[in-house]
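Listed below are the residues making up each chain.
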Amino acid sequence: MNSQPGLSFEQAPPFHQPLRFFLTAPLFLLVAGVLLAMESGGLNSRWSAGALALTHALTLGFLAMVMLGALMQILPVVAGSTLPASRTVAMVSHAALTLGTTFLMTGFLRSSPVALGSGIVLLLTGFMVFIAAATISLMRVAGSDTVRGMRHALASLALTVLLGGLLALIRAGWENPPMIEGASTAHAGFGLLGWILLLVAGVAYQVVPMFQITPPYPLLLRRWLTGVLFVLLLLRALVPLHAAPAVFVIDACLAAGMLMFAFVTLRLQSQRRRKLPDITLDYWRTGMTSLIACVAVWLPAQCWPAWAKSDARPLLLGVLFLYGFAASVVTGMLYKIVPFLAWFHLQAQHQAKAGTIPNMKQMITERKMRLQFRVHLAALLLLVAAVAWPNVLHIHAGIAVALSSLLLLSNMFAALRLYLKHGGRMS
Ligand code: HEM
């Protein structure tokens with residue numbers, strides 16, 4: 001892998017910097033599973049305290065946690081530019097994201113203005129420190145397709161966090177300003193389609209051909225997709241919600257972009273040169289299929305008003321997008337990044353000859369990863385079913401999510417144990 005064109009591993013940060021994010025993330029997935037198993041509220045209404053706590057356990061505690069850790073690694077290696085003061089940035093953003101998410105979730109669950117206020121301060125601090133450092137790093141490099149995707153994703157993250165802070169202030173008792181409905185929709189839009197989807201797309205341009213030995217993404221898609229989607233999200237935030245025809249056209253274009261990305265990824269993966277079983281491939285296929293299912297659930301609302309008003313629709317969308325698409329893709333990436341980093345740092349620290357240190361495949365065995373993948377898939381199916389029968393199935397879905405997170409954590413620790421056993425250092 002060291003010989004991949006455009007990759008500079010010499011600039012990679014010490015292992016502990018991304019690893020602390022990767023080891024914390026499954027814990028929030030565990031909390032989400034336990035919360036869901038304990039009460040069905042999270043799947044009864046999108047605005048319930050339980051649903052908001054669950055949403056942010058997933059979006060902040062799991063997804064953003066892994067995505068920030070991965071960016072710390074990917075920025076120097078793929079974009080060729082290190083984060084300034086990376087040790088401090090990793091420490092501050094990790095601590096602030098961990099504590100801030102915990103406070104925000106407590107604030108939702110207990111309707112506590114103090115917990116919400118603490119969550120806002122910590123999350124704004126942590127994200128702004130990270131975004132400032134990543135922006136400086138991205139300003140130093142020429143704009144490749146992946147770098148452009150990262151820039152759009154980071155701009156979306158900044159908007160999501162600012163709007164989220166405003167919404168949380170309102171929940172904490174601050175005066176309710178006009179346009180609040182628009183702010184809430186824009187927060188969710190920039191968070192899900194801007195920050196998560198655009199980062200996944202930008203990173204996919206680099207990692208799908210590299211990890212799965214596929215042809216490259218078509219040039220036109222690489223050049224334009226993330227920029228066009230970002231502009232559509234800005235328009236969507238500016239157009240008043242009651243301007244139905246304009247909203248419909250923008251949503252249709254966003255949906256077309258999502259479908260294009262998902263179908264092109266699936267097609268490239270079907271053209272891969274090495275047809276060996278690969279857990280990351282299975283995770284990405286699950287992710288892309290869920291993204292396509294999201295569009296099928298999302299768009300008919302424009303033509304089918306009863307479905308638009310149904311409580312199940314936003315919950316099903318949340319499950320498919322956050323767990324089916326984002327959590328699948330992110331977990332699949334973890335199974336490439338963590339074994340690779342463990343192998344890479346061992347190799348770099350000891351100048352080891354082949355055979356004297358474990359290879360990537362031995363860091364986490366295929367059997368363990370496949371077991372975790374099956375439990376993840378079962379959890380996804382149970383979550384989808386639980387949207388229809390929340391009072392009956394929330395316990396099963398919650399237990400499956402918790403079990404999947406424990407297996408993921410144990411797989412991460414398996415790689416870490418092997419790394420330490422062979423004399424790997426953390427700094
Ligand atoms: C960075 C990634 C984030 C994502 C992807 C995200 C996603 C979401 C989503 C999807 C919803 C809507 C739930 C629904 O419509 O059913 C939501 C609501 C909310 N989010 Fe976030 N969020 C993020 C970060 C934040 C942050 C950092 C804060 C606070 C500092 C925050 C505060 C809120 C609040 C208060 C609501 C409730 C909105 C309301 O009462 O109208 N979010 N978020």
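Residues numbered from 1 in each chain as written. Predicted model: local features only at pLDDT ≥ 70, side-chain atom pairs only at ≥ 80, totals over all residues.

Observations regarding the overall build of the protein chain
A tally of regular secondary structure across the protein chain gives 15 helices and zero strands. Against the globule reference of 22 Å for 427 residues, the protein chain gives a C-alpha radius of gyration of 21 Å, in line with a compact fold. Each principal axis of the C-alpha distribution contributes one length, and for the protein chain these read about 65 × 45 × 40 Å. In the protein chain, buried positions account for 48% of the 427 residues. (Helix = DSSP H or I, 4+ residues; strand = E, 2+ residues; numbered from the N terminus. Rg over C-alpha atoms; globule rule 2.2 N^0.38 Å. Buried ≥ 20, exposed ≤ 12 C-beta atoms within 10 Å, placed from the backbone.)

Points about the environment of Ala153
Looking at the element boundaries, Ala153 is found in helix 5 (residues 145-171). Using a count of 25 C-beta atoms within 10 Å as the deciding quantity, one classes Ala153 as buried. Sequence spacing of Ala153 and Ala379 is 226 residues, and the spatial spacing of their C-alpha atoms is 28 Å. Discounting chain neighbours no more than four positions away, the residues touching Ala153 are Gly194, Trp195, Leu198, Leu199 and Gly202. (Contact = placed C-beta atoms within 7 Å.)

Comments concerning the confidence of the model for the protein chain
Of the residues in the protein chain, 95% have a pLDDT of 70 or more, and the chain-wide mean is 91. For residues 1-5, every residue scores under 50 in pLDDT, and the model assigns this stretch three contacts once sequence neighbours within four places are set aside. (pLDDT = per-residue confidence, 0-100.)

Here's the deal with helix 12 (residues 312-350)
Helix length check: helix 12 (39 residues) gives 54 Å between terminal C-alpha atoms against 57 Å at 1.5 Å per residue, within 8%. For helix 12, a buried count of 28 out of 39 residues is recorded, marking the element as mostly surrounded by other parts of the structure. Directly beyond the C-terminal end of helix 12, a positive phi value near 45° is found at Gln351. (Expected span 1.5 Å × (residues − 1).)

Here's the deal with the nonpolar core
Judged by nonpolar contacts, the single largest core of 140 residues is most densely connected at Ala32, Phe62, Leu63 and Val66. Ignoring any residue separated from it by four or fewer positions in sequence, one finds Leu63 in contact with Leu58, Ile196, Ala326, Ala327 and Val330. (Core = buried A, V, L, I, M, F, W, Y, C linked by C-beta atoms within 7 Å.)

Brief notes about the packing of helix 1 (residues 16-38) against helix 15 (residues 390-421)
Close contact between helix 1 and helix 15 brings their axes to 7 Å; oriented N to C, the two are set at 165°. Taken as axis vectors, helix 1 and helix 15 run roughly antiparallel relative to one another. Where helix 1 crosses over helix 15, the two elements pack in a sense that is left-handed. Residues Phe22, Leu23, Pro26, Leu29, Leu30, Ala32, Gly33, Val34, Leu36 and Ala37 of helix 1 form the contact with helix 15, whose participating residues are His394, Ile395, Ala397, Gly398, Ile399, Val401, Ala402, Ser405, Leu406, Leu408, Leu409 and Met412. Each residue belonging to the contact of helix 1 with helix 15 can be placed in one class, and the counts come to 18 nonpolar, four polar and no charged. (Axes fitted to C-alpha atoms, helices over the stretch in contact; angles between N-to-C directions. Parallel < 35°, antiparallel > 145°, perpendicular 65-115°, else oblique. Left-handed = near helix turned anticlockwise from the far one by under 90°. Nonpolar A, V, L, I, M, F, W, Y, C, P; charged D, E, K, R; others polar.)

Some remarks on the site of the ligand
Taken together, 26 residues form the shell around the ligand, and within it Arg46, Thr59, Gly164, Ser184 and Gly191 come nearest. Breaking the shell around the ligand down by element, the ones donating at least two residues are helix 2 (49-79), helix 4 (113-139), helix 5 and helix 6 (180-212). For the shell around the ligand, the leading source of residues is helix 5, giving eight residues. In terms of residue class, the shell around the ligand is built from 14 nonpolar, 10 polar and two charged. (Near = placed C-beta within 6 Å.)

Brief notes about the environment of Ala186
Of note, Ala186 is situated in helix 6. Between the C-alpha atoms of Ala186 and Leu163, which are 23 residues apart in sequence, the distance is 7.7 Å. Beyond its immediate chain neighbours, meaning those up to four positions away, Ala186 contacts Leu163 and Ala237.

Things to note about the environment of Ser93
One can find Ser93 in helix 3 (residues 86-110). Looking at Ser93, the number of C-beta atoms within 10 Å reads 27, which means it is buried. Distance in space between the C-alpha atoms of Ser93 and Met128 is 8.6 Å, their sequence separation being 35 residues. What Ser93 contacts, discounting residues up to four positions off in sequence, is Leu68, Gly126, Val129 and Phe130.

Examining unusual backbone geometry
With phi around 45°, Ala85 is a residue other than glycine that occupies positive phi space. By the element assignment, Ala85 lies in the loop between helix 2 and helix 3. Overall, Ala85 belongs to the partly exposed group, with 13 C-beta atoms counted inside 10 Å. The backbone of Ile213 sits at a positive phi, close to 50°, despite the residue not being glycine. Tracing the chain through its elements places Ile213 in the loop between helix 6 and helix 7 (219-238). Taking the C-beta count within 10 Å as the criterion, Ile213 has 14 such neighbours and is therefore assigned partly exposed.

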